[in-house]
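# Descriptive analysis of the structure
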Amino acid sequence: MEIEQVLLGLQAGAMVPYQALAEKYLEVEQPDRPRILEVLTLHHIRRLELPAARKYAEEWTRAEPDNPSAWNQWGTLEARSNNDKNAEEAYRKALALDPSSTAALEGLAIVLRKLRQPEEALLLVRKLEQIAPDRPGLDKLAGATLGDNGEADQAVTRLRRAVAVNPADNEAAVELSKVLLAKGVPAEARKVLEPVITRAPFDRGALDAMAGVLGRMGERDEEAKVRSRLETVRRDLKLADDYMAEIGKDPRAVGPRLSLAELLWKNGRLGDATRWAESVLEIQPANEAAKAILQKDSQAR
């Protein structure tokens, strides 16, 4: 099969037989090697197979150290693995190569928020607004970063707009609730969070924020219930990391893929759950448990 057909198959999201063929091409040195590594990296990121994605992304940065896209993807993987300092380094390398890279500006701003460097994060957001004012998700990032910098009124305006544009954006709603709580209006923050927890009763960020709101309102019994649920979610997410490690050791193992799909479904992460169920069916087309997850997803829509 021609290499172009293989890469197009992977870009379309198909694993069989294209992934094995692409890996075969990497066994010999050739001019297309960086492109193959790029496609494999993105393919595994889409499938949430982060250990495999890291393997190919690292090779890609070695093959093309002057390619900002390679460093952006490496930064994305480090950020998803909560290696924030490594992610920061990768995004800074990408920006050194391409100062107008919107992906690097956004990625670095998000990482700097986590590293409690809100002033520089806001500078990056301001630059992003100049370069790509219509970028999806910009109101959410700007609002959250403004909140980090104590600009509560501006933050609320931007975050309310983000929620109005996409009422199902749980992350934007959680950020809005945090700013409202900081402004001293916990009842309003609670109103923002209630529909989020109805939609996603195991959303860790929403549960954490709601616990803080209930504590501020003096509702200790309700706060204790939410914190108990939050602890269950944290245990489940640790278990999810264990399943991911098993998949990294054996990418064609069906058991941990199916267990991960079921765990994510239980925790309200429906999109991720269906992707893992679909990956099971690519390996084992007759798997009834994976089919059942996809059927539940179809019924939930």
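The structure this text deals with has already been given above.
Residues numbered from 1 in each chain as written. Predicted model: local features only at pLDDT ≥ 70, side-chain atom pairs only at ≥ 80, totals over all residues. Heavy atoms only, no water.

## Quick look at helix α10 (residues 152-165)
Its 14 residues give α10 an end-to-end C-alpha distance of 20 Å, which sits within 8% of 20 Å, the value for a rise of 1.5 Å per residue. The complete set of buried residues in α10 reads A155, V156, R158, L159 and A162. Buried residues in α10 make contact with α8 (118-131), α9 (138-148) and α11 (170-182). (Helix = DSSP H or I, 4+ residues; strand = E, 2+ residues; numbered from the N terminus. Expected span 1.5 Å × (residues − 1). Buried < 20%, exposed > 50% of the residue type's maximum accessible area, 1.4 Å probe, protein only. Contact = heavy atoms within 4.5 Å.)

## A look at the pattern of salt bridges
On inspection of all chains with the given rule, the structure shows 31 salt bridges. Between K85 and E88 there is a salt bridge, and its shortest N-O distance comes to 3.0 Å. Residue K85 and its partner E88 are located together in helix α6 (residues 84-97), separated by three residues, close to a single helical turn. R190 is the partner of E194 in a salt bridge, and the nearest nitrogen-oxygen pair spans 3.3 Å. Of this pair, E194 and R190 both sit in helix α12 (residues 186-199), separated by four residues, roughly a single helical turn. What you see here is one network of salt bridges that share partners, running through R126, E129, D139, R158 and R161. (Salt bridge = Lys/Arg side-chain N within 4 Å of Asp/Glu carboxyl O.)

## With respect to the environment of L263
On the secondary structure map, L263 appears in helix α15 (residues 254-266). Counting along the chain gives 57 residues from L263 to A206, while the straight-line C-alpha distance between them is 18 Å. When residues no more than four places from it in sequence are discounted, the contact partners of L263 are D236, L239, A240 and Y243.

## With respect to the nonpolar core
If you look at the biggest cluster of nonpolar residues, it comprises 46 residues, and the most contacted ones within it are L260 and W276. Here this core gets seven residues from one element, more than from any other, and that element is α15. Each residue touching L260, except ones within four places of it in the same chain, is listed here: A240, Y243, M244, I247 and W276. Counting 27 residues, the second largest nonpolar core, distinct from the first, contains A155, L207, A209 and L214. (Core = buried A, V, L, I, M, F, W, Y, C linked by side-chain atoms within 4.5 Å.)

Honestly, that's just the spatial picture; any functional story needs more than this.
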